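So you can see what is in the structure, the chains are spelled out below.
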Amino acid sequence: MSRMGRPVPVSSPWRSASSWVVTATLACLACEAESPSGAGPGPAVILDAVPFNGDASADAAAAVPGDARPAQTVLWVDPSRPAGESSDGTRARPFSRLEVAFTHARAGDVVALLPGLHPPLASDGRGPPAGVEVLGSDRDASRLAGPVRLSAAGAALRHLTVDGGEPGVRVEGDVRLEELVVSGTAGVGLEVHGGDVRVEDVRIADAAEVGFWINGGVVTGRGVEIAGARGGGLRVSAGEVDLSSVAVRDVALDVAGTRGAGVEVEGGTARFAGVRVDAVADRAVRVARSGRAVVSALSIFGPALDGLTILAGGFAEVDGYRVAGARNVGVVVSEASARLTGGVVSGGGRAAVLVSESAVAVNGLVVEDPPARGVALLASEGELSGLTVRRAGDVGLQITDPRGPVTLEDGHFEACAGAGVAVSGGAEQVVHLARVTTTGSVSGEGALAEGLHVHRGRVVAESFVARANIGAGILIEAGDLELSTAELSGNGGPGLVAVESGPEDVLRLTDVRVTENTGAGVLVIGGIARTTRLHASGTRLDGDGTADGLALTAGAVGVSEADRLDGNAGNGLSVSAGAAVTARSLTSTENAAFGVYTQCGAAEAALLDAIDLAGNGQGERNACP
């Protein structure tokens, strides 16, 4: 049919020189209903049938009984026509019931529904024969009482509304649904259980159960809107699905109070482009079990328990997504796998993004204002890149007990409470950080406010920046940290604090610049530390009057290679309380106290090779009796 307002013949395999030609005129009427795709008011179709040879006696031609009559392109149905009146399906003498037209229709024919409420089909709801299209005059004006069952190949419903039924429409064959409304059903709105199904501008409203349920077959098309359903909006249990321009809103929980997802893929494979989900009672998008989903341009708004969820063996690849307003978690991946690209997540009660016992690849994610955790990886593995978390109420990125390698590249964490990045447990696995910046961490749980907090974990970080955090730039407790090409500056605590580390080389610093921190540039409390080309300068006094460049205490053992400690408000190098250090090629100059301070009788400092201790306020080294 033409969509530009010009008359176009409706094709028919039966057309010949003496057969009928159907012309159609499309006109945009000023009706209130919009198409599911949001394109505006739906078009109206006005059909007229004229004989190709100019013969106006349509009634006589149609009155020929059986197969002797000429092939007819259009059969008309008028629900207001009394059933007892003589009918032949012409415009002048339309049938009164749809199933009567079906007995006369042949493949290629169109059954045209005049405005009005057409009574339900036979008890089984059987729809048109193979190759027959049912066409309404306007999808708000031509209404057919459900249910309707479509199983014949090539059948179609276009430009009408199916009212009621349980389900409203059930599809089991190769059919086409276009400019169709399914409304007020007592069960599922639209069911597909097999066949090759094409949907175009389909709206499902006020379904008592799931709005659109796909349980087999191949479903393709665009423009699906579901407004009001119970137990689920669009559910894929089996089959193959490829749909674009999908909108789901106002989905309530089922009668058991357990299910009410907006879009759900629990089996089969689904590809969606352009999906919006608003105001659903349960999870906005759920992929689980054997379901596999590829989604682009996904938007989730309004209250939902969780936003995007991939669960229990499901797999999802999502490119371009926005999640806002989830009551619990914005994005959940649990016992599943996912590839997520280009996302924005805001809010979330427990966390903006929660990954548990899963494998993920996350690229280009922005998390804004989560009241609790920003991103949490629990007993998981994955690759994160381009991650930005702003103003998390607890921790920007939490990595706990990794079950495999975890990498983060190009991460930015701003004004998060507790820590920008926190790593704990899983000491047999390595967490790799590259080009990560944490700034402005504020006090959170336990009054901690670090850029990076490592507890009993293993971290290898390069090009790491911790700046202007209220607490330390980095805090490591009984963990393993290898840090290179880093900047720790302007923090309210020491640039780095290592506490109670184990007997192995657990702290290794190479080409690390530590400037204008408070209390110490680097403070090592127990354990072993190796520093190479560490530059600690400008350390500010804390409340205890301490401001050393590099300080080792509580039995710590240090190995210093070519370090530079200068311009600090305390000592350059401080060794106390059973600690020991071996320093080679050390430069410790222009500090307010000593170049090297050693607690007498309780610490050792061996200075080897070229040592420069010039210009310190109290001298090169303190004297011991």
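Residues numbered from 1 in each chain as written. Predicted model: local features only at pLDDT ≥ 70, side-chain atom pairs only at ≥ 80, totals over all residues. Heavy atoms only, no water.

## Describing the packing of aromatic side chains
Turning to step 1, where the next piece is worked out: Applying the stated criterion across every chain, the model contains 0 aromatic pairs.
Turning to step 2, where the next piece is worked out: In this structure, Arg91 is placed above the aromatic ring of Trp76, and the distance from its NZ or CZ to the ring centre is 4.5 Å. (Phe/Tyr/Trp six-rings, centres within 6.5 Å; stacked < 30°, edge-to-face > 60°. Lys NZ or Arg CZ within 6 Å of the ring centre and 35° of its normal.)

## Let's talk about the nonpolar core
Side chains that are nonpolar tend, in soluble globular proteins, to be buried together.
Turning to step 1, where the next piece is worked out: Formed by 133 residues in total, the largest nonpolar core has its most connected members in Val111, Phe212, Phe272, Phe464 and Leu483.
Turning to step 2, where the next piece is worked out: In terms of residue count, the dominant contributor to this core is strand β15 (residues 232-252) (7 residues).
Turning to step 3, where the next piece is worked out: Beyond its immediate stretch of four places on either side in the chain, Leu483 contacts Ala461, Phe464, Ile474, Leu488, Leu496, Arg508, Leu509, Thr510 and Val512.
Turning to step 4, where the next piece is worked out: The next biggest cluster of nonpolar side chains, apart from the first, holds 7 residues, and it includes Ala288, Val329, Ala351 and Leu354. (Core = buried A, V, L, I, M, F, W, Y, C linked by side-chain atoms within 4.5 Å. Buried < 20%, exposed > 50% of the residue type's maximum accessible area, 1.4 Å probe, protein only. Helix = DSSP H or I, 4+ residues; strand = E, 2+ residues; numbered from the N terminus. Contact = heavy atoms within 4.5 Å.)

## Considering the state of the cysteines
Here, disulfide denotes a covalent bond that connects the sulfur atoms of two cysteines.
Turning to step 1, where the next piece is worked out: Scanning all chains against the criterion turns up 1 disulfide.
Turning to step 2, where the next piece is worked out: A disulfide bridge connects Cys600 with Cys624, and the sulfur atoms are separated by 1.9 Å. Sign of the S-S torsion, about -85° for the bond between Cys600 and Cys624, identifies this disulfide as left-handed. Placement of Cys600 in the loop between β46 (594-598) and β47 (604-608) and of Cys624 in the segment after β48 (619-621) is noted, with a sequence separation of 24 residues between them.
Turning to step 3, where the next piece is worked out: Overall, Cys600 belongs to the partly exposed group, its relative accessible area being 35%.
Turning to step 4, where the next piece is worked out: Residue classification places Cys624 among the partly exposed residues on the basis of a relative accessible area of 40%. (Disulfide = S-S within 2.5 Å.)

## Here we look at the confidence of the model for the protein chain
Turning to step 1, where the next piece is worked out: Summarising the model, the protein chain shows a mean pLDDT of 88, and 87% of its residues fall at 70 or more.
Turning to step 2, where the next piece is worked out: Here residues 1-70 is modelled with pLDDT under 50, and outside its nearest four sequence neighbours on either side it reaches 135 contacts, counting other chains as well. (pLDDT = per-residue confidence, 0-100.)

## So, the environment of Ala579
Turning to step 1, where the next piece is worked out: With respect to the secondary-structure elements, Ala579 resides in the loop between β43 (573-575) and β44 (580-584).
Turning to step 2, where the next piece is worked out: The exposure class of Ala579 is buried, given its relative accessible area of 2%.
Turning to step 3, where the next piece is worked out: Between the C-alpha atoms of Ala579 and Ala554, which are 25 residues apart in sequence, the distance is 6.0 Å.
Turning to step 4, where the next piece is worked out: Among all residues touching Ala579, those that are not within four sequence positions of it are Leu552, Thr553, Gly555, Ala556, Ala602, Ala603 and Glu604.

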